[in-house]
Amino acid sequence: MADPARKHSRNASGPWFVDDTCIDCGVCREHAPGVFDDAGDASFVAREPANPDEIRRAWLSLLACPTRSIGSSGVPRPADAVFPLRIDGDVSLCGYTSRETFGGQAYFVRRQDGHGNLLVDSPRPVEALLHSLESQGGVADILLTHRDDVAHAGETGARFGSRIWIHEDDADSAPFATHFIRGTQAIELHRGVLAIPIPGHTRGSVAFLVDGTYLFSGDSLAWDREAEDLEAFRDYTWYSWEAQARSLERLATHSFTWVLPGHGDRTPHAMPDLPARLRALARRMRR
Ligand code: SF4
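Draft legend 1. A look at the domain arrangement of the protein chain. Each assigned domain of the protein chain is listed here: domain 1 (4-71) and domain 2 (85-286). Taken together, the contact between domain 1 and domain 2 spans 10 residues of the former and 10 residues of the latter. Residue assignment for the side of domain 1 that touches domain 2 shows that the elements contributing at least two residues are α1 (27-31) and α2 (52-64). Examining the composition of the side of domain 1 that touches domain 2, we find that 3 residues originate from one element, α2, more than from any other.

Have a look at this one:
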């Protein structure tokens, strides 16, 4: 619960505020750009939400915030400010992020192929979210993109009896994992669900490609909203930037039209030229 007595000094006046427990993960700025802004080491309310869509987005930010640092001072929650939030097709954003993943985004993919639903990475296990996933058939597989985002996967997996997948090179971070991806060759986990090892951000980073459309990229690749292009994060590369450039080059041999990262922005809509953009990014990374 955000504390109005500990408001950030730069908050605009009005009911919405960020308090001093913010860890500057950026999740609120992704949900409600313009309403929330970056003070350098924390977010603050740059201006009050100006219309019903911005109020809904501010509320999504409040729910998603990993540290519960956002307050609304009694502004009622709109009925459509709920997670999971549908992005496209059967893919939804889980919202509720965790301090343990520094606000890493997790995704739910509803499957009707008999193998069951997918959860990519680990949301905060809030009962409202878990109940919604349960009502949609539960979670058959939890796909962990890398060691930083494993957080609550053991607890969530135990609730749903899920298989929990991680690359063996990051497996020491997830003692609760039940299934392992090995080497650098892509493997099909189920029909239409491909695990593609992409060492770089961490040694055991994996991208998951669903139906040749949705690429879940962990912390290895994201959309840069301002540059309107793909980006990778050199300052947050824990294993090898050179290896990551090679991995992304291999990744670009696959077809996909969405990039859905753990941190950073996702693509705003389907984009058929993403593999070509990824090849160009890999070339820039090698310079
Ligand atoms: S989501 Fe919460 S912790 Fe993250 S930047 Fe916004 S206020 Fe700070």
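There is more to say after this.
Draft legend 2. Structural detail: the sheet that holds strand β14 (residues 206-210). Pairing within the open sheet is mixed, and its 5 strands lie in the order β12-β13-β14-β15-β18. With one partner strand each, in any of the chains shown, β12 (187-190) and β18 (258-261) form the two edges of the open sheet. Along the sheet, successive strands turn relative to each other by an average axial angle of 25 degrees, direction set aside. Where β12 and strand β13 (residues 193-197) come together, 3 bridges link them in antiparallel fashion. Along β13, the bridge assignment pairs Glu188 with Leu194.

Draft legend 3. Spatial organisation of helix α4 (residues 153-160). Within α4, burial applies to Ala153, Thr156 and Gly157. Seen from one end, α4 has its buried residues packed into an arc of 100 degrees, which puts them on one side. Facing away from the buried side of α4, by more than 90 degrees, are the exposed residues Glu155 and Ala158. Taken together, the buried residues of α4 touch β8 (118-120), β9 (141-143) and β10 (163-167). Phi turns positive, to about 65 degrees, at Gly161, one or two residues after α4.

Draft legend 4. Layout of the nonpolar core. By size, the foremost hydrophobic cluster in this structure holds 79 residues, and its most contacted members are Tyr107 and Phe208. Looking at this core, the element that brings in the most residues is α2, giving 7 residues. Each of domain 1 (4-71) and domain 2 (85-286) contributes no fewer than three residues to this core. Apart from the residues within four sequence positions on either side, Tyr107 is in contact with Val91, Ser92, Leu93, Cys94, Val120, Phe216 and Leu260.

Criteria and cut-off values
- Residues numbered from 1 in each chain as written.
- Predicted model: local features only at pLDDT ≥ 70, side-chain atom pairs only at ≥ 80, totals over all residues.
- Domains from an automatic or database assignment.
- Contact = placed C-beta atoms within 7 Å.
- Helix = DSSP H or I, 4+ residues; strand = E, 2+ residues; numbered from the N terminus.
- Pairing = 2+ DSSP bridges.
- Axes fitted to C-alpha atoms, helices over the stretch in contact; angles between N-to-C directions.
- Buried ≥ 20, exposed ≤ 12 C-beta atoms within 10 Å, placed from the backbone.
- Arc of directions from axis to C-beta.
- Core = buried A, V, L, I, M, F, W, Y, C linked by C-beta atoms within 7 Å.

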